[in-house]
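For reference, the chains in residue letters:
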Amino acid sequence: MRNIPTITKNLLIINIIAFIAYLVLRRQGIDLNDMFGLHIFLASNFNFYQPVTYMFMHGGWDHLFFNMFALWMFGCVIERVWGPKRFIIYYMVCGIGAGLIQEIAQFIEIYAMNADKFPLSHFFNLSTDEANMLNSMTTVGASGAIYGILLAFGMIFPEERIFIFPLPVPIKAKWFVMIYVVIELMSALGTSNSGVAHFAHLGGMLFGFFLIRYWQRHPELDARYGRSVGRQFFDNMQTKWNRQTNRKPEPPIREEKNERPQTDWGYNTNKKRKEDEIDRILDKIRKSGYDSLTDEEKKRLFDQSKLN
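Residues numbered from 1 in each chain as written. Predicted model: local features only at pLDDT ≥ 70, side-chain atom pairs only at ≥ 80, totals over all residues. Heavy atoms only, no water.

Draft legend 1. Fine view of the side chain of His 58. Tracing the chain through its elements places His 58 in the loop between helix H3 (50-53) and helix H4 (61-82). Take His 58: its relative accessible area is 1%, and that puts it in the buried class. Within the structure, the side chain of His 58 is placed 3.4 Å from the backbone nitrogen of Ala 142, a separation counted as a polar contact. When near neighbours in sequence (up to four residues on either side) are disregarded, His 58 contacts Asn 15, Phe 19, Tyr 22, Asn 33, His 63, Leu 64, Asn 67, Met 68, Val 140, Gly 141 and Ala 142. (Helix = DSSP H or I, 4+ residues; strand = E, 2+ residues; numbered from the N terminus. Buried < 20%, exposed > 50% of the residue type's maximum accessible area, 1.4 Å probe, protein only. Polar contact = N/O pair within 3.5 Å; in protein donor to acceptor, adjacent residues only side chain to side chain. Contact = heavy atoms within 4.5 Å.)

Here it is as structure tokens:
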């Protein structure tokens, strides 16, 4: 846990503790998922805090595991690129946005099933019994926020190849995200009562997309982080590439013998210039995505990762 960024680590801990509390208290007859899960706004058990709390509750070990694995795998990278403040804002916006889309989708489904019986106004004036009947429609899980993180990874590093089970070969991040969007959309439109909140997944990605585009169009809102931002990701990427191609790591570039030795001042100035250039490239990735880099900038980034 030492190398996991602060926000990602705390989100992992909170989700795990919340799930353990759910299991323990359920034996005492207290259902935390019913209390903190997201009910449709028409239900009698709906509360104003649920659009936030629902994303920290989970329905089972497998649900928790896959969400937390994806949070660890992709959240670590995105938090290092954006920094903790921007990352937690993005995470919460995607999670709350996913819940909002799920609420709208559930309302449309209920109305569509009963439109021939009741006028639209009826659904905003339900009887107590009718409102109680809707309490079973509960959404839990961090999936909406996690799908937003997957989208962010695909937009920031679209050309990066990743291994995702059950695919037997690596796939570019941008294609991975597009495939997931299509799968979720088809599942949302083609299935009902599946127990999976497909519209919430799509909602998390939708809100994430608009937030990233907003940040890209307003660079003045951007915060500048240390020069190590994102560096570890590129180090790992270079190591993986060397392993896959059976290449030995290249030794650091040595100075030519006929070059004059640098003074301490000259060495530090040159080092600072290179660090500033890497900072500029990483900032460009964060604002406009990896595809915005020139071939020379990509080469400098990978050359720098070899030396660290």
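Draft legend 2. Layout of the environment of Leu 126. Inspection of the secondary structure assignment puts Leu 126 in the loop between helix H5 (84-114) and helix H6 (128-133). Among the residues examined, Leu 126 registers a relative accessible area of 23% and is labelled partly exposed. Among residues more than four places away in sequence, those in contact with Leu 126 are Leu 42, Ala 131 and Leu 134.

Draft legend 3. Representation of the pattern of salt bridges. Here the structure, examined in full by the defined rule, presents two salt bridges. Put simply, Glu 159 and Lys 174 hold a salt bridge, and the shortest N to O gap is 2.8 Å. Taken together, the residues span a long stretch of sequence, with Glu 159 in the loop between helix H7 (143-156) and strand E3 (161-162) and Lys 174 in helix H8 (residues 173-190) at a distance of 15 residues. A relative accessible area of 23% places Lys 174 in the partly exposed class. (Salt bridge = Lys/Arg side-chain N within 4 Å of Asp/Glu carboxyl O.)

Draft legend 4. Just the side chain of Gln 50, in detail. In this fold, Gln 50 is placed in helix H3. Assessed through its relative accessible area of 0%, Gln 50 is described here as buried. Apart from residues lying up to four places away in sequence, Gln 50 is in contact with Asp 34, Met 35, Phe 36, Gly 37, Leu 38, His 39 and Asn 45.

Draft legend 5. Up close: the packing of H5 against helix H9 (residues 198-217). Here H5 crosses H9 at 135°, and the two axes come no closer than 7 Å. It follows from the interaxial angle that H5 and H9 lie oblique. Between H5 and H9 lies a crossing of right-handed hand. Residues Arg 86, Ile 89, Tyr 90, Val 93, Cys 94, Gly 97, Ala 98, Leu 100, Ile 101, Gln 102 and Ala 105 of H5 touch H9, and the partners they reach there are Phe 199, Ala 200, Gly 203, Gly 204, Leu 206, Phe 207, Gly 208, Leu 211, Ile 212 and Trp 215. Here the contact of H5 with H9 is composed, by residue class, of 15 nonpolar, five polar and one charged. (Axes fitted to C-alpha atoms, helices over the stretch in contact; angles between N-to-C directions. Parallel < 35°, antiparallel > 145°, perpendicular 65-115°, else oblique. Left-handed = near helix turned anticlockwise from the far one by under 90°. Nonpolar A, V, L, I, M, F, W, Y, C, P; charged D, E, K, R; others polar.)

Draft legend 6. Structural detail: a nonpolar patch on the surface. Taken together, the side chains of Ile 16, Ile 20, Val 24 and Trp 61 define a hydrophobic patch exposed on the protein surface, amounting to about 400 Å² of accessible area. For Ile 16, the location among the structural elements is in helix H1 (residues 6-26). The exposure class of Ile 16 is partly exposed, given its relative accessible area of 38%. (Patch = residues over 30% accessible without salt bridge, like charges linked within 9 Å, V, L, I, M, F, W, Y side chains within 5 Å. Areas by Shrake-Rupley, 256 points an atom, 1.4 Å probe, with all protein chains shown as cover.)

Draft legend 7. Fine view of the packing of H5 against H7. Direction vectors running N to C along H5 and H7 enclose 125°, while the axes themselves pass 7 Å from each other. In terms of orientation, H5 lies oblique with respect to H7. Crossing handedness for the pair H5 and H7: right-handed. When H5 is examined against H7, the residues Phe 87, Tyr 90, Tyr 91, Cys 94, Gly 95 and Ala 98 are found in contact with a partner set consisting of Gly 144, Ala 145, Ile 146, Gly 148, Ile 149, Leu 151 and Ala 152. Looking at the contact of H5 with H7, its residues break down into ten nonpolar, three polar and no charged.

Draft legend 8. Representation of the environment of Val 81. Position of Val 81 relative to the elements: it lies in helix H4. With 204 residues separating them in the primary sequence, Val 81 and Ile 285 have C-alpha atoms 8.7 Å apart.

Draft legend 9. Representation of the nonpolar core in the model. The biggest cluster of nonpolar side chains holds 55 residues, and the ones touching the most others in it are Leu 71, Ile 78, Trp 82, Tyr 90, Tyr 91, Ile 149 and Phe 153. Counting residues per element, the ones that place at least two in this core are H1, H4, H5, H7, H8, H9 and helix H11 (264-288). Sorting elements by how many residues they give to this core places H4 first, with ten residues. By size, the runner-up hydrophobic cluster in this structure holds seven residues, among which are Ala 43, Phe 107, Ile 110 and Phe 123. (Core = buried A, V, L, I, M, F, W, Y, C linked by side-chain atoms within 4.5 Å.)

Draft legend 10. Structural context of the packing of aromatic side chains. Going through the model one piece at a time under the given rule, you end up with 21 aromatic pairs. Relative to Trp 61, the ring of Phe 19 has its centre 4.8 Å away and its plane inclined at 75°; by these criteria the two rings are edge-to-face. Within this pair, whereas Phe 19 is found in helix H1, its partner Trp 61 is found in helix H4, the two being separated by 42 residues in sequence. Measuring from centroid to centroid gives 5.1 Å for Phe 74 and Phe 153, while their planes differ by 70°, and the two rings are edge-to-face. Here Phe 74 is found in helix H4, whereas its partner Phe 153 is found in helix H7, with 79 residues between them in sequence. (Phe/Tyr/Trp six-rings, centres within 6.5 Å; stacked < 30°, edge-to-face > 60°.)

Draft legend 11. H8, seen in detail. The end-to-end C-alpha distance of H8 is 26 Å, a good match for the 26 Å that 18 residues give at a rise of 1.5 Å each. Listed as buried for H8 are Ala 173, Phe 176, Val 177, Glu 184, Ser 187 and Ala 188. For H8, the angular spread of buried residues about the axis comes to 100°, placing them on one side. Turned more than 90 degrees away from the buried face of H8, the exposed residues are Met 186, Leu 189 and Gly 190. Those residues of H8 that are buried lie in contact with H7, E3, strand E4 (171-172) and H9. (Expected span 1.5 Å × (residues − 1). Arc of directions from axis to C-beta.)

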